[in-house]
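Here is how the chains run, residue by residue.
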Amino acid sequence: MFLVKTWRSAAFGLYGYLNFTKSGFVDHSKKFAPEDMQVRIDGKNCLVTGANSGIGFATAKGLAERGGNVYLICRNRERGETAASEIRSITGNQNVYLEVCDISSVSEVKSFASRFSSKDTPVHVLVNNAGILEQQRITTSEGFELNFAVNVLGTFSMTELMLPLLEKAAPDARVITVSSGGMYTSPLTRDLQYSGPKFNGVEQYARNKRLQVALTEKWANLYDSKGIGFYSMHPGWADTPGVAKSLPGFSKSLSGNLRTSDEGADTVIWLAIQPKEKLKSGSFYFDRAEAPKHLKFAATGGHSAALIDDIINDLRSMSSISSRSG
């Protein structure tokens, strides 16, 4: 196991340095089609979690620039209001709204979903961007490990509760989950809250991000007939407030070669505005192209279909959200 983990880390580090940095973005962008980003989405309703800074802010701004009605879902009202005001000012789009919700709390997600659903507003785009990498074990008031609560349970609950409104926007509805290249270092596991005696926040984050990719794949199968597309993506290594706070050593070592938030958000926006026939539901994307979900010889794949089913049952039990398939 030690050798496997060592190989995963080495392969991820090399692959990441060649592809996930700013220089990787510059190289890959030579193949981008400029017209792909000139699509207008006037009148479409877009929800972005964790939208007050970093990639979430850049995503919300990009969607507002293209005419979308953008709802910023933020934990902190003051920071959220500042972000919404700034986006309105930059884009000239006044249809930018703040919704206060702490994604780490299932009860808050449910309260938001109930409140928003009462408007009967179709949701064309849901961007699950809110994420956290907490190095220490912290337990939420609902009894969940914090990384898991935000990255997995909050994302799961938000997506499942928005399904009826996403169906209203079908066949153009889509869910985009911002994962991380860190998932390349972890296989899927049912140990959702990291039961080991010595907590490792980086490893837990990688597990969370692997599960996001697996959930996206499963959602694509479960709701194939609903007219909703599900996509996960990796923004690359971006210089965001979250990265600077959680991984200061990493941020410092790659200073000058990290992507900007706009570069990190590029593929999120691309996925949100492309015709769905150009995209493959359930796939993992990086720099406007479908990307592999596993690195060679990293032994992170091959999980049974029963494992993700069991995990989803665990998540439904934790969130008390019943299945909406069928």
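This text gives an overview of the structure that appears in the document. Keep in mind that this is a model prediction, so the values were computed, not measured.

Let us look at the overall build of the protein chain. The number of helices and strands found in the protein chain is eleven helices and eight strands. Relative to the globule expectation of 20 Å for 326 residues, the C-alpha radius of gyration of the protein chain, 18 Å, shows essentially globular dimensions. In terms of overall dimensions, the protein chain has C-alpha extents of about 55 × 45 × 40 Å along its principal axes. Relative to its full complement of 326 residues, the protein chain shows a buried share of 56%. Contacts in the protein chain between residues at least 24 apart in sequence constitute 77% of all its contacts with a sequence separation of at least 6. Here the protein chain has roughly 13800 Å² of accessible surface; of this, 52% comes from carbon and sulfur atoms. Across the protein chain, the mean location of the 37 positive side-chain charges is 3 Å away from that of the 32 negative side-chain charges.

Attention now moves to helix α4 (residues 77–91). Helix length check: α4, at 15 residues, gives a terminal C-alpha distance of 21 Å against a target of 21 Å (1.5 Å per residue), a fit within 8%. Within the span of α4, buried status applies to G80, A83, A84 and I87. Each buried residue of α4 lies within a common arc of 100 degrees when the element is viewed along its axis, so the set occupies one face. Projecting away from the buried face of α4 at angles above 90 degrees are the exposed residues E78 and S89. Among the structural elements, α3 (54–65), β2 (69–74) and β3 (96–100) are those in contact with the buried residues of α4. Near the N-terminus of α4, the side chain that reaches the backbone nitrogen of E78, with its oxygen 3.0 Å away, is that of N76.

Our next topic: the pairing of β3. Within a regular strand, the side chains alternate between the two sheet faces. Summarising the sheet, β2 and β3 pair through five bridges and their orientation is parallel. Paired with C74 across the bridge in β3 is V100. Between β2 and its parallel partner β3, the chain crosses via α4, and the hand of that crossover is right-handed.

Our next topic: the pattern of salt bridges. What the rule picks out here adds up to 21 salt bridges. With its nearest N and O atoms 2.8 Å apart, the salt bridge here joins D309 to K218. In this pair, D309 sits in helix α11 (residues 305–319) while K218 sits in helix α7 (residues 201–222), placing the two residues 91 residues apart along the sequence. Taking relative accessible area as the criterion, D309 reaches 30% and is therefore assigned partly exposed.

On to the packing of helix α5 (residues 106–117) against helix α6 (residues 146–168). Where α5 meets α6, the closest approach of the two axes is 10 Å, and the angle between their N-to-C directions is 20 degrees. Judged by the inter-axis angle, α5 sits roughly parallel to α6. Between α5 and α6 lies a crossing of right-handed hand. Contact residues: α5 offers V106, V109, K110, F112, A113, F116 and S117, while α6 offers L153, S157, M158, L161, M162 and L165.

For the rest of this paragraph, the subject is the packing of α6 against α7. The angle between the axes and the distance between the axes are what describe a pair of packed helices. At a minimum axis distance of 8 Å, the contact between α6 and α7 shows a crossing angle of 15 degrees. Compared by their axis directions, α6 and α7 come out roughly parallel. Considering the relative orientation of α6 and α7, their crossing is right-handed. Contact residues: α6 offers N147, F148, N151, V152, T155, F156, T159 and E160, while α7 offers Q204, Y205, N208, L211, Q212, L215 and W219. Here the contact of α6 with α7 is composed, by residue class, of seven nonpolar, seven polar and one charged.

Note that an α-helix has 3.6 residues per turn; residues three or four places apart therefore point the same way. Taking 1.5 Å per residue, 22 residues should reach 32 Å; α7 reaches 31 Å between its end C-alpha atoms and fits that length. Most of α7 sits out of view: 16 of its 22 residues are buried. N-cap assignment for α7: the residue whose side-chain oxygen lies 3.1 Å from the backbone N of V202 is N200.

Attention now goes to the packing of aromatic side chains. Inspection of the entire model under this criterion finds 20 aromatic pairs. Each residue in the set F12, Y15, F20, Y184, W237, F250, F284 and F286 is aromatic and connected to the rest through ring pairs, giving one cluster.

Calculation rules
Residues numbered from 1 in each chain as written. Predicted model: local features only at pLDDT ≥ 70, side-chain atom pairs only at ≥ 80, totals over all residues. Heavy atoms only, no water. Helix = DSSP H or I, 4+ residues; strand = E, 2+ residues; numbered from the N terminus. Rg over C-alpha atoms; globule rule 2.2 N^0.38 Å. Buried < 20%, exposed > 50% of the residue type's maximum accessible area, 1.4 Å probe, protein only. Contact = heavy atoms within 4.5 Å. Areas by Shrake-Rupley, 256 points an atom, 1.4 Å probe, with all protein chains shown as cover. Lys, Arg positive; Asp, Glu negative; His and termini not counted. Charge placed at Lys NZ, Arg CZ, Asp CG, Glu CD. Expected span 1.5 Å × (residues − 1). Arc of directions from axis to C-beta. Polar contact = N/O pair within 3.5 Å; in protein donor to acceptor, adjacent residues only side chain to side chain. Pairing = 2+ DSSP bridges. Right-handed = clockwise from strand over helix to strand, strands pointing away. Salt bridge = Lys/Arg side-chain N within 4 Å of Asp/Glu carboxyl O. Axes fitted to C-alpha atoms, helices over the stretch in contact; angles between N-to-C directions. Parallel < 35°, antiparallel > 145°, perpendicular 65-115°, else oblique. Left-handed = near helix turned anticlockwise from the far one by under 90°. Nonpolar A, V, L, I, M, F, W, Y, C, P; charged D, E, K, R; others polar. Phe/Tyr/Trp six-rings, centres within 6.5 Å; stacked < 30°, edge-to-face > 60°.

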